[in-house]
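# Observations on chain architecture
Okay, here's what each chain looks like letter by letter:
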Amino acid sequence: SIIVVSYNTREMMLECLRSIIAETTQVEYEVLFIDNCSTDGSFDAVHDEFGDDSRFHLVLADENLGFAGANNVLAESAKGKYLLLLNPDTVVLDRAIEELLDFAEENPKNGIWGGRTVFADGSLNPGNCWAPYTVWSEVCAAVGLRAAFPRSKFFHPRAYGTWQRDSVREVGVVTGCFFLIKGDDWRLLGGFDPEFFMYGEETDLCMRGIKQGMKPIVTPTATIIHHGGASEKIHEEKMVRLLDAQVRLFRRHFSKVTF
């Protein structure tokens, strides 16, 4: 079950859906699509092009449910053994979905799987995964050390330094742009916490999964284009949401004793 949550990404989103069809030919799948009250005609465009395809299930939300809430809504009706969360500003390359499924079947104990992401020009987009979220990593971010030393393993430990995502590696977080999990495990974890409207939800889910014995992992054999940030164009609003997510993660996963 491929879940796509759209918000004002019409042209990129159409390209994403077309790439799913073009590059996923060897496995049975369904596409669960929800439009979060876009104002750019996204839902009508999807309906016009894919409405007659029985693999597509289209939902128009009555309100903006956020990334977490919208994924949760679609996951409730998902029929697949696996759930794949796929951002609308992505393009599937070289059978990437099938490659990721094969990787998951070969590494079943990890429980959460992700691939490699690149920008449209083929250069690495390192946002496919992050190292574990820690108090130290966020202290460095808060006082500006992360920005001052973006490639430092010490001052920006979540970024994995200069690693090009060109090898299989267990990670702290697989980001929601290309995120695979078994449906049963999604339900076991309760899906995304809707307290996270946008940002932080996959970090929270991975941290809860790790406590249940999962080991998020990524592979370079499954590669997609991820343009990044297409639905969040106002920098100030994005920063507010990011900071809000960080506060919620601290409250959820670190006790007062930590401080």
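Our structure is the block above this text.
Nothing here was measured: the structure is a model prediction, and the numbers come from that model.

## Re the overall build of the protein chain
Scanning the protein chain from N- to C-terminus turns up 9 helices and 11 strands. A burial count over the protein chain gives 51% of its 259 residues as buried. By sequence separation, contacts in the protein chain at least 24 residues apart represent 80% of the contacts at least 6 residues apart. Counting only carbon and sulfur atoms, one obtains 54% of the accessible surface of the protein chain, whose full area is about 12400 Å².

## Quick word on the pairing of strand β11 (residues 217-226)
Within β11, 8 of the 10 residues are buried, which leaves it mostly tucked inside the rest of the structure. Looking at chain direction, strand β5 (residues 90-92) and β11 are connected through 3 bridges and run antiparallel. Among the inter-strand pairings, T90 is bridged to a residue of β11, identified as H226. Summarising the sheet, strand β6 (residues 112-118) and β11 pair through 5 bridges and their orientation is parallel. For R116, the partnering residue across the bridge sits in β11 and is T223.

Cut-offs applied
Residues numbered from 1 in each chain as written. Predicted model: local features only at pLDDT ≥ 70, side-chain atom pairs only at ≥ 80, totals over all residues. Heavy atoms only, no water. Helix = DSSP H or I, 4+ residues; strand = E, 2+ residues; numbered from the N terminus. Buried < 20%, exposed > 50% of the residue type's maximum accessible area, 1.4 Å probe, protein only. Contact = heavy atoms within 4.5 Å. Areas by Shrake-Rupley, 256 points an atom, 1.4 Å probe, with all protein chains shown as cover. Pairing = 2+ DSSP bridges.

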